Amino acid sequence: MKIVFMGTPEFAVPSLQSLLDEGHEVLAAYTQPDKPKGRGYKLAPPPVKELALLHHIPVYQPLTLKNGEAAEKIKSLAPDCIVVVAYGKILPKAVLDIPKYGCVNVHASLLPKYRGAGPIQWSVINGEKETGVTTMYMAEGIDTGDMILQEKTSISPDETAGELHDRLSVLGGGLIAETLRQIESGKAPRISQNDGESCYAPMLDKALSGLDFEKAAKEVHCKIMGLSPWPAATAVLDQKLLKIHRSRLHPEVKGECGEIVDENKFIVACRDGGVELLTVQLEGGKKMNSSDFLRGHPIKKGNFLQKA
């Protein structure tokens, strides 16, 4: 099948690789413009661009798809299908209507739940026990198109959003391969989404980071794991900002909300139970496990973590 691929971040890379492994002809890769990265703010290519160039696939990085130029270019390529994975731009109808098999999206949730830009993180933050990947025919709405296939997976209580992201990206690569096989054979289902069962997963920002230890321990733990690796949950320790990247639930813990109840294990009390902070980073310092952190920054039982 002749395919135009649209994707940008690391999540999209296994899907592009899967198309190549399956022998599809990838005519072009559309991705976001290069962005400054690192201390020197040098322009860095998106991961999809790196893989595409490695396989000598033409790369296009338009600022917009809405001015007509992109549609004309894609029309000239005459793709059978456009595959979209975390591209980061909305496709106008002029582009959606080009390929004969339509535009197919890989989305990291079990639609119609968690439409939007942050499905992986919000599924962890909200304490979901299960998530997955959905392929769908794209429509003009945000993640509202008819579904094709889904693959489910459980979410471990000890899994960060970053770790779940990596697993789902691999699942997505396998699912898009099977989806295209079924589309080409004419056997692909087309399942309407029930809008009444939908919920929205907005993009994350740093305003979400502050922890409230007056919440239930499970809620605090899920927020820590869901915001890892970015933007990372935060609290204040001795008037310094503390990023918390990983935790573990301790339902039997008792104490005042925010109180450090075990100075050897960095256990903090919540409204019911507590959380053990496993990986932390004090402002200006490196990320480290709590045992190493406590050797250099001893804390006292009875001290408190404050909301950032």
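Residues numbered from 1 in each chain as written. Predicted model: local features only at pLDDT ≥ 70, side-chain atom pairs only at ≥ 80, totals over all residues. Heavy atoms only, no water.

Enquirer: I'd like a description of the sheet that holds strand E7 (residues 103-107), backed by residues and values.
Expert: The strand order across the open sheet formed by seven strands is E5-E2-E1-E6-E7-E8-E9, and the pairing between neighbours is mixed. The sheet is open, and its two borders are formed by strand E5 (59-60) and strand E9 (147-154), each paired with just one other strand. The strands touched by helix H3 (residues 69-77) are strand E1 (2-7), strand E2 (25-30), E5 and strand E6 (81-85); relative to E2, the strand with the most contacts, the crossing angle is about 170°. Sitting on the sheet, helix H6 (residues 161-185) is in contact with E1, E6, E7, strand E8 (130-137) and E9, with an inclination near 150° to E9. (Pairing = 2+ DSSP bridges. Helix = DSSP H or I, 4+ residues; strand = E, 2+ residues; numbered from the N terminus. Contact = heavy atoms within 4.5 Å. Axes fitted to C-alpha atoms, helices over the stretch in contact; angles between N-to-C directions.)

Enquirer: Hey, could you go over the side chain of Asp80 for me, with residue numbers and the actual values?
Expert: Here Asp80 shows up in the loop between H3 and E6. On the basis of relative accessible area, Asp80 is assigned to the buried category, the value being 17%. With residues near it in sequence (within four places) discarded, Asp80 still touches Met1, Lys2, Pro99, Lys100, Tyr101 and Gly102. (Buried < 20%, exposed > 50% of the residue type's maximum accessible area, 1.4 Å probe, protein only.)

Enquirer: Could you give me a rundown of the nonpolar core, with the residues and numbers involved?
Expert: Among the nonpolar cores identified, the biggest contains 36 residues, and Phe5, Leu19, Val83, Leu168 and Leu180 are the most heavily contacted of them. Filtering out sequence-adjacent residues up to four positions away, Phe5 remains in contact with Ala12, Ser15, Leu16, Leu19, Val26, Ala28, Ala29, Tyr30, Val48, Val83 and Val85. Counting 28 residues, the second-largest nonpolar core is a separate cluster that includes Leu237, Phe266, Val268 and Phe293. (Core = buried A, V, L, I, M, F, W, Y, C linked by side-chain atoms within 4.5 Å.)

Enquirer: Which residues make up unusual backbone geometry, and what values go with them?
Expert: If a residue is not glycine, its phi is most likely negative; likewise, a peptide bond is most likely trans. In this structure, the amide linkage connecting Ser228 to the following residue, Pro229, adopts the cis form with an omega of 15°. Topologically, Pro229 is positioned in the loop between helix H7 (217-226) and strand E10 (233-237). A cis geometry characterises the amide bond from Trp230 onward to Pro231, with omega recorded as 5°. Checked against the element boundaries, Pro231 lands in the loop between H7 and E10. Although it is not a glycine, Ala78 sits at a positive phi angle of roughly 55°. Mapped onto the elements of the fold, Ala78 is located in the loop between H3 and E6. Within the chain, Asp143 stands out as a residue other than glycine whose phi angle is a positive 60°. Summarising the element assignment, Asp143 is placed in the loop between E8 and E9.

Enquirer: Explain a nonpolar patch on the surface residue by residue, including any values.
Expert: There is a patch of nonpolar side chains on the surface, built from Ile90, Ile142 and Tyr200 and spanning about 340 Å² of accessible area. Tracing the backbone shows Ile90 in the loop between E6 and helix H4 (93-96). Exposure remark for Ile90: the relative accessible area of 52% places this residue in the exposed category. (Patch = residues over 30% accessible without salt bridge, like charges linked within 9 Å, V, L, I, M, F, W, Y side chains within 5 Å. Areas by Shrake-Rupley, 256 points an atom, 1.4 Å probe, with all protein chains shown as cover. Salt bridge = Lys/Arg side-chain N within 4 Å of Asp/Glu carboxyl O.)

Enquirer: Any chance you could break down the pattern of salt bridges for me, citing the residues and the numbers?
Expert: Any two side chains of opposite charge can pair, given that their charged atoms come close. On inspection of all chains with the given rule, the structure shows 13 salt bridges. As a salt-bridge pair, Lys113 and Glu128 come within 3.0 Å of each other at their nearest N and O atoms. With a gap of 15 residues between them, Lys113 in the loop between E7 and helix H5 (119-125) and Glu128 in the loop between H5 and E8 connect regions that are remote in the sequence. With relative accessibility at 33%, the residue Lys113 sits in the partly exposed group. Residue Glu128 is classed as partly exposed on the basis of its relative accessible area of 23%. A salt bridge links Asp292 to Arg295; its shortest N-O distance comes to 2.2 Å.

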